[in-house]
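# Per-entry structural report
If you want the building blocks of each chain, they are given just below.
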Amino acid sequence: MFPYVRNRRTRHTQQIRNLVSENNLTVNDLMMPVFIIEGEGKKEEIHSMPGYFRYSLDLLENEIKEAFSLGINAVNIYTKVPDHLKDNKGSEALNSDGLMQRAIRRIKEIEPQMLVFSDVALDPFSSFGHDGIVENNLILNDESVEILAEMALSHARAGADFIAPSDMMDGRIGAIREKLEENGFHHVGIMSYSAKYASSFYGPFRDALDSAPGFGDKKSYQMDFANAREAIREAELDVIEGADILMVKPGLPYLDILYRVKEHTQMPVAVYTVSGEYAMLKAAAEKGWIDHDKCMMETMFAFKRAGADIINTYFAKEVARILNG
């Protein structure tokens, strides 16, 4: 006898599948990373990230306007700093007329409604390529946090909507929130990289910004990929210290972490599809081994299914075009 309960009834046509779908993906879920470089007339493809580019400020307009026209309302910006401006304290990060500060102002000039999330970390500005001040091959936490808080303040003054600390120093969310409050930036939010793992999937990103560590690795401050409960502790502390949005990074290898953080905190949670994930999909598609667009969209829905409210992804424009039909 055939069963009375048949789950296939609600899979029979695309119309019924749409009707009972548990998760929905829209362009409102997307955030787009943007890499910015000094100079004029520069649009440099990143070798390990096919189809992705670094832009000089004068060429940002088309990129920002195109993204906004596709319905992408947020960008996460990173700058590639010339070597001669790097030092152990990341002094250039505090320059009110630095590349990051100018980029924030420029994006707001191009499209005032575009939300700007500015990266706060010392590695692009550090002569050692680490996210904090180095002393005797150790990364100093509290001294680094002081600089990160000043860096965040300079971004707020330039017009950033959200500060996005990616450094993983202890206590930096509280220090940044306090610095913003003391200076009247009550409306500027913080998207904390709460669970950022010491991952091998970051390789192409470090090519993009020339920010690979000059010695050792980042395992003394980024999380051990063997750990899950630790991510909850990190997220809880960030909420207490004043984070408005939590971030899990990388994405696909850490869907379990994304799910746990969302379920435990009930906060808005972002996920970052990192450069290695992007590069793998592009390379496999180029070989003809997978269908690029189908795998890309399946990945996006995996993030939504695991609990992501925001997807920070290099695929943002490609996904938006598909969603827009």
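Owing to the predicted nature of the structure, the values given are computational and were not obtained by experimental measurement.

Ranked by size, the top nonpolar core spans 103 residues in total, and within it Leu-60, Val-75, Ile-77, Met-191 and Ile-257 carry the most contacts. At nine residues, the largest contribution of residues to this core is made by helix 4 (residues 141-158). Apart from the residues lying within four places of it in its own chain, the contact partners of Ile-77 are Val-34, Ile-36, Met-100, Ala-103, Ile-104, Ile-107, Val-116, Phe-117, Ser-118 and Asp-119.

To continue, consider helix 4. Over its 18 residues, helix 4 runs 26 Å from end to end, which matches the ideal 26 Å to within 8%, given 1.5 Å per residue. Contacts from the buried residues of helix 4 go to helix 3 (99-110), strand 5 (115-120), strand 6 (133-135), strand 7 (138-140), strand 8 (162-165) and helix 5 (172-182).

With that out of the way, let us pick up unusual backbone geometry. That bond from Lys-249 to Pro-250 is cis: its omega, -5 degrees, falls within 30 degrees of zero. Looking at the secondary structure, you find Pro-250 in the loop between strand 10 (245-249) and helix 8 (255-265). Positive phi values are uncommon outside glycine, yet Asn-137 reaches one of about 65 degrees. Here Asn-137 lies in the loop between strand 6 and strand 7. Its identity as a non-glycine residue notwithstanding, Gln-266 has a phi of 60 degrees, on the positive side.

To continue, consider the packing of aromatic side chains. For the structure shown, the criterion picks out twelve aromatic pairs. A centroid spacing of 5.9 Å and a plane angle of 55 degrees characterise the contact between Phe-35 and Tyr-78, whose relative ring orientation is tilted. Residue Phe-35 is located in strand 1 (residues 30-37), and its partner Tyr-78 is located in strand 4 (residues 74-80); the two are separated by 43 residues in the primary sequence. Comparing Phe-35 with Tyr-78 shows no difference in burial state: the two are buried. Ring geometry for Tyr-272 and Tyr-314: centres 5.8 Å apart, planes at 50 degrees, overall tilted. Of this pair, Tyr-272 sits in strand 11 (residues 269-273) while Tyr-314 sits in the loop between strand 12 (310-313) and helix 11 (316-324); the two residues are 42 residues apart in sequence, bridging distant segments of the chain. Following the ring pairs from residue to residue traces out a cluster consisting of Phe-35, Tyr-52, Tyr-78, Tyr-193, Tyr-272, Tyr-278, Tyr-314 and Phe-315. Here the basic side chain of Lys-43 rests over the ring of Phe-53, its NZ or CZ set 4.6 Å away from the ring centre. Note that Lys-196 overlies the ring of Tyr-202, its terminal NZ or CZ placed 5.9 Å from the centroid.

The rules behind these values
- Residues numbered from 1 in each chain as written.
- Predicted model: local features only at pLDDT ≥ 70, side-chain atom pairs only at ≥ 80, totals over all residues.
- Heavy atoms only, no water.
- Core = buried A, V, L, I, M, F, W, Y, C linked by side-chain atoms within 4.5 Å.
- Buried < 20%, exposed > 50% of the residue type's maximum accessible area, 1.4 Å probe, protein only.
- Helix = DSSP H or I, 4+ residues; strand = E, 2+ residues; numbered from the N terminus.
- Contact = heavy atoms within 4.5 Å.
- Expected span 1.5 Å × (residues − 1).
- Phe/Tyr/Trp six-rings, centres within 6.5 Å; stacked < 30°, edge-to-face > 60°.
- Lys NZ or Arg CZ within 6 Å of the ring centre and 35° of its normal.

Read these as spatial facts, not as claims about activity.
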